[in-house]
Amino acid sequence: MGKTFKKPDVLTDAYTHYCPGCTHGVIHRLVAETIDELGIRGRTVGIAPVGCAVMAYNYFDCDFQEAAHGRAPAMATGIKRVRPDLMVFTYQGDGDLASIGMGEIIHAANRGEKFTTIFVNNAIYGMTGGQMAPTTMPDQRTTTSPLGRNVAEVGMPIKMAELLAALQTPAYITRQTVIKPKYITKAKKAIKQAFTYQMENRCFSLVEVVSTCPTNWGMTPVEAVEWTENTLLKYYQPGDYKVPA
Amino acid sequence: MAKILMKGNEAIGEAAIRAGCLNYFAYPITPQSEVAEYLVRRMPEVGGVFLQGESEVAVGYMLFGAAGAGARVFTTSSSPGISLMSEAISYIAGAQCPAVFVNIMRGGPGLGGILPSQGDYFQATKGIGHGDCRLLVMAPASVQEAVEMVMMAFPLAEKYRNPVMILGDGLIGQMMEPVEFPDHLKTEPSNKDAWASNGMDHRGSKTRNLVKSLFLDPVQLNDNNLALKAKYERMRAEDVRSAAYNIDGDYPVLLVSYGTMSRVCRTAIDMLKDEGIEVGMIRPQTLFPFPEKAVADAAAKPSCRHVLSIEMSMGQMVEDVDRCIRGRVPVEWYGKCGGDIPTPEEIISVVKARIAGKE
Ligand SMILES: Cc1ncc(C[n+]2csc(CCOP(=O)(O)OP(=O)(O)O)c2C)c(N)n1
Ligand code: SF4
């Protein structure tokens, strides 16, 4: 009997450093499957963020560059402008993309840069140990909002998909999650669509993936899935926010 | 090729094209915005890339991405803009990618002014970004030299896989002079396939390339810094440049000066010569590596009693000059930094005061 399920070719054999119950690994797999299925590994350049996915290049066996915190969209712009034939994706966390790199992502999207961004929103800074992110929920406790996010002081969590979808330039902007199989199938379709739009040189594409951080949320993996579904997804509603004509 | 009259900033843009660099990312700032205004027209004519980024921060990373993907790339800016690019410069140096930065300096600190200055000497030569990183820094004294240095910068950046900076002052950018673009300085980009993220298919390779500056293992990070140090030592051995002026005779005073300031010093030296007073000058053309031997040798002449570092900054290069001379002769600074450039007459009076033993 042939194999019906195997590891994507572009994924290496390395064990990931992600915590149990973290969905970074699932998102990696979906991106890897997409690269395999589209047959683009030999012309793909990934850009790793600063954040928990800082060493994403250990898991993807394709060319990679490593960005400074938040600057991946500017690097991707540089690569695409000089080598439009390359397939470029950035993989960024919410602190990376919505805080320090807010300017870079908005302007790259507004210029209609033809690369793809995988935006992993876990409502917290994972790598540095659970500080407040621009995406942290109201009243959510983090190490820098120990009494809960006070929106009177720091505003409401930023909805990046909605914000970017407000730009006039054509783009594909969608929000997905991967906490359960029923969502994973949709997320996979969206990621593949995003890469396809790039392949066809049609538009900037961004897939926001609502993800878990059980470690810094102080939850078990099961509780993290429940909190994502009952709280995060109520505020960060999945769906397509912008689709090119 | 015949000489043509060009403004420094435009000549810098043209020189990059003539050198074989067709990728330019930039953000406007006085006194160098003419480079972008020139290249936005010129790049399409040669099939090149021009993009105005949203900030100098972004421009730094556009350069990093493009350089990491194996392209020849450059930008131009002025002091506050270079400060914003310094984050990217550190990453580019750490990841060992070639890129060329032109800094047409204006007065600082802070917003400072828009007139010429040499106030970024320390920033360019000592502390351009966080970590143990250095740039190869070249300082032109004329539009012609700016052209040649820009053209030399690309192969040097590729030779060392390191950022290179042309440190010019606002006058170099704004003045018009006749220039010639030397054909022999046009070079082919070196083979990037060994390290660039330019696509496995593109280089016909089964193994991927990584462009990164993260080394969590302390031994690996130390090794990366040792590799960087070895490059900087190689720059010291192979690519240090300086020009001497009037150092054949016996001079009681030696000037050390670079860029536009050195031209004023030359005029002062010629005027003093007419009065029968000999003054020598060493003009560093690379600020890092600093021409230590040239300065030390010129100051070692038995007749030499005083060394003056003449700068359009508040005494920055003087520390390097002092370091080369190691106390054998008194080293002093003279300069201004606000946009006013010391005149030949001022330099003459400073020189005469030293000879007369006055303060
Ligand atoms: C310029 C800069 N500032 C701060 C940091 C420290 N830092 C590293 S990761 C991180 C937060 C990352 O959080 P996020 O982007 O949400 O990704 P996650 O770790 O949650 O996947 C911060 C602040 C840095 N590396 N560089
Ligand atoms: S810290 Fe959070 S985001 Fe990072 S790997 Fe662990 S669970 Fe995932």
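Just so we're clear, the structure is a prediction, and the values are computed from it rather than from any experiment. (Residues numbered from 1 in each chain as written. Chains lettered and ligands numbered in written order. Predicted model: local features only at pLDDT ≥ 70, side-chain atom pairs only at ≥ 80, totals over all residues. Heavy atoms only, no water.)

Draft legend 1. Molecular detail of the domain arrangement of chain B. Residues and elements named next belong to chain B. What the domain assignment lists for chain B is domain 1 (4-238) and domain 2 (242-355). For domain 1 versus domain 2, the separation of C-alpha centres amounts to 28 Å. Residue-level contacts link 31 residues of domain 1 with 27 residues of domain 2. Approximately 2,300 Å² of surface area, both sides summed, lies buried where domain 1 meets domain 2, with 55% of it carried by carbon and sulfur atoms. For Arg263, the salt bridge goes to Glu177, with nearest N and O atoms at 2.5 Å. Counting every contact that joins domain 1 to domain 2 gives 15 residue pairs in polar contact (both at pLDDT 80 or more). Of all the secondary structure elements, the ones that give two or more residues to the side of domain 1 that touches domain 2 are α5 (121-125), β6 (136-138), α6 (143-160), β7 (163-169), α7 (170-174) and α8 (218-238). Taken together, the residues of the side of domain 1 that touches domain 2 sort by class into 19 nonpolar, five polar and seven charged. (Domains from an automatic or database assignment. Contact = heavy atoms within 4.5 Å. Buried area = accessible area lost by both parts, 1.4 Å probe. Salt bridge = Lys/Arg side-chain N within 4 Å of Asp/Glu carboxyl O. Polar contact = N/O pair within 3.5 Å; in protein donor to acceptor, adjacent residues only side chain to side chain. Helix = DSSP H or I, 4+ residues; strand = E, 2+ residues; numbered from the N terminus. Nonpolar A, V, L, I, M, F, W, Y, C, P; charged D, E, K, R; others polar.)

Draft legend 2. The sheet that holds strand β1 (residues 44-48) of chain A, seen in detail. Taken together, eight strands build an open sheet; the order of strands is β7(A)-β5(A)-β6(A)-β4(A)-β3(A)-β1(A)-β2(A)-β9(B) and the sheet is mixed. With partners counted over all chains shown, the strands left at the sheet margins are β7 (239-242) of chain A together with β9 (210-211) of chain B, one partner each. Where strand β2 (residues 63-66) of chain A and β9 of chain B come together, two bridges link them in parallel fashion. Bridge pairing in β9 of chain B places Phe64 of chain A opposite Leu210 of chain B. (Pairing = 2+ DSSP bridges.)

Draft legend 3. Main features of helix α9 (residues 221-235) of chain A. Residues and elements named next belong to chain A. Compared with an ideal rise of 1.5 Å per residue, which puts 15 residues at 21 Å, α9 spans 20 Å between its outermost C-alpha atoms and is within 8% of the ideal. Of all the bends found along α9, the most pronounced is centred on Thr228 and spans about 40°. Residues Ala224, Trp227, Thr228, Glu229, Leu232, Leu233 and Tyr235 constitute the buried set of α9. Tucked inside the fold, the buried residues of α9 contact β5 (171-177), α7 (181-199), β6 (204-210) and α8 (214-217). (Expected span 1.5 Å × (residues − 1). Bend = angle between axes of the 7 residues up to and from the residue. Buried < 20%, exposed > 50% of the residue type's maximum accessible area, 1.4 Å probe, protein only.)

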